[in-house]
Each structure stands twice: as C-alpha cells, then as structure tokens.
Amino acid sequence: MDREEAVNRKFATVYRGLDEKEVRDHLKRLQDEIESREEKIRQLEGLLDDREENLNSFRNVETSINEAILTAQRAGDETKRIASDRAEEIVAGASAERERIIEDAMARARNIASQTEDMKRQSKVFRARFKMLVEAQLDLLKSEDWDYLLDFEQNQAHRLDDREPGSGE
C-alpha cells in the first residue's frame, strides 16, 4: 500500500459513522505496512552502518598502507644514505691504501736503485783492485827474479863450476 492510498482511502458509511471493522482492518494493514517499512529501514540502516564500518576499515587500511609506504621509503632512503656513506668510506680507505702502496713501492724502488748504485761502485772498486792484483802478478811473472828462481839450479851449478879450486875465487 502506498502513501496516497493510505491517505485518500474511503470508507463505507454505516449507521452512526464508518464501518468499524473496515477501519480496524485498514489500520491493521497500515500498522503492518509501517512495521514492514520500519524493518526495511532498520535493515538498510544496518547495511549502511556495515558499509560505513567497511569504509572506515578501508580508510584505516589505506592509512596503514600509506604509513607503511612512508616508513619503507624512509628506511630505503636511510639505507641508501648509509650505503653511500659506506661506499665513500671504502673509496677513501682504498685511496689511502693505494697511496700507501705507491709510497711503499717508490721507497722500495729507491732502495733497489741505491743498492744497484752501491753494487756498481763496489764492482768498480773490485775490478780496479783485481786488475791491480793481476797486473802485480803479471809484473811478478815478468820480473827477472822469477827467471832467476826458475834458473836457480842452473845458476847454482854455474857458480859452483866457477868456484872450483882452480879458479881464483
């Protein structure tokens, strides 16, 4: 029954007014209709409350997701910053190590060059001394004393012959 029908409803007239049974039946139908509509309204309000509750849940989830995204982004930014700082430390350490290795290598190279020069000087001194020794030995070999020593026996024999008793020495 719609609103127009309920308002414009006509009742049969009887002696002393309207038919009581008809009016009571009509009122009973109106009451049933009102209760039905009130039940429907309660159901719709319940459905609306459920939907609002779902909407609030979704909003809470959305807020949580946004907070999680912001937290993850901050964590990612922090991780990038830490990684960048660590990379700079590693590069600085590697650069310092490179400089130390280069200095060490240069010191070794200078030391080897110094040792090489020292060896050259010692070799020149050794060569000069060895040459003098060989020359001295060669001079000794060339000297008449050597010939005299080699001919010593012969010279002795000649001397003895020269001294023999009939010679006048």
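Residues numbered from 1 in each chain as written. Predicted model: local features only at pLDDT ≥ 70, side-chain atom pairs only at ≥ 80, totals over all residues. Heavy atoms only, no water.

Draft legend 1. Layout of the overall build of the protein chain. Each helix and strand in the protein chain was counted, giving four helices and two strands. Moving toward the C terminus, one meets the helices and strands of the protein chain in the order α-β-β-α-α-α. Burial analysis of the protein chain (169 residues in total) assigns 1% to the buried set. Of the roughly 15,700 Å² of accessible surface on the protein chain, 55% is carried by carbon and sulfur atoms. (Helix = DSSP H or I, 4+ residues; strand = E, 2+ residues; numbered from the N terminus. Buried < 20%, exposed > 50% of the residue type's maximum accessible area, 1.4 Å probe, protein only. Areas by Shrake-Rupley, 256 points an atom, 1.4 Å probe, with all protein chains shown as cover.)

Draft legend 2. Local environment of the pattern of salt bridges. Counted by the stated rule, this structure contains 12 salt bridges. In this structure, aspartate 32 engages lysine 28 in a salt bridge whose closest nitrogen and oxygen atoms are separated by 3.4 Å. In this pair, aspartate 32 and lysine 28 both sit in helix α2 (residues 20-142), four residues apart, roughly one turn of the helix. Close ionic contact of glutamate 97 with arginine 100 constitutes a salt bridge, the shortest N to O distance being 2.5 Å. (Salt bridge = Lys/Arg side-chain N within 4 Å of Asp/Glu carboxyl O.)

Draft legend 3. A look at a negative patch on the surface. A surface patch of like charges, here negative, comprises Glu45, Asp49, Asp50, Glu52 and Glu53. We classify glutamate 45 as partly exposed; its relative accessible area is 45%. (Patch = residues over 30% accessible without salt bridge, like charges linked within 9 Å, V, L, I, M, F, W, Y side chains within 5 Å. Lys, Arg positive; Asp, Glu negative; His and termini not counted. Charge placed at Lys NZ, Arg CZ, Asp CG, Glu CD.)

Draft legend 4. Spotlight on the packing of aromatic side chains. One pass over the structure, following the stated rule, counts one aromatic pair. Where phenylalanine 126 meets phenylalanine 130, the ring centres are 5.8 Å apart and the plane angle is 15°; that geometry is what we call stacked. Taken together, the positions of phenylalanine 126 and phenylalanine 130, both in helix α2 and four residues apart, correspond to about one turn of that helix. (Phe/Tyr/Trp six-rings, centres within 6.5 Å; stacked < 30°, edge-to-face > 60°.)

Draft legend 5. Structural view of the confidence of the model for the protein chain. For the protein chain, the average pLDDT comes to 86, and 88% of its residues sit at 70 or higher. Least confident of the elements in the protein chain is helix α1 (residues 3-7), whose mean pLDDT is 68; most confident is α2, at 93. (pLDDT = per-residue confidence, 0-100.)

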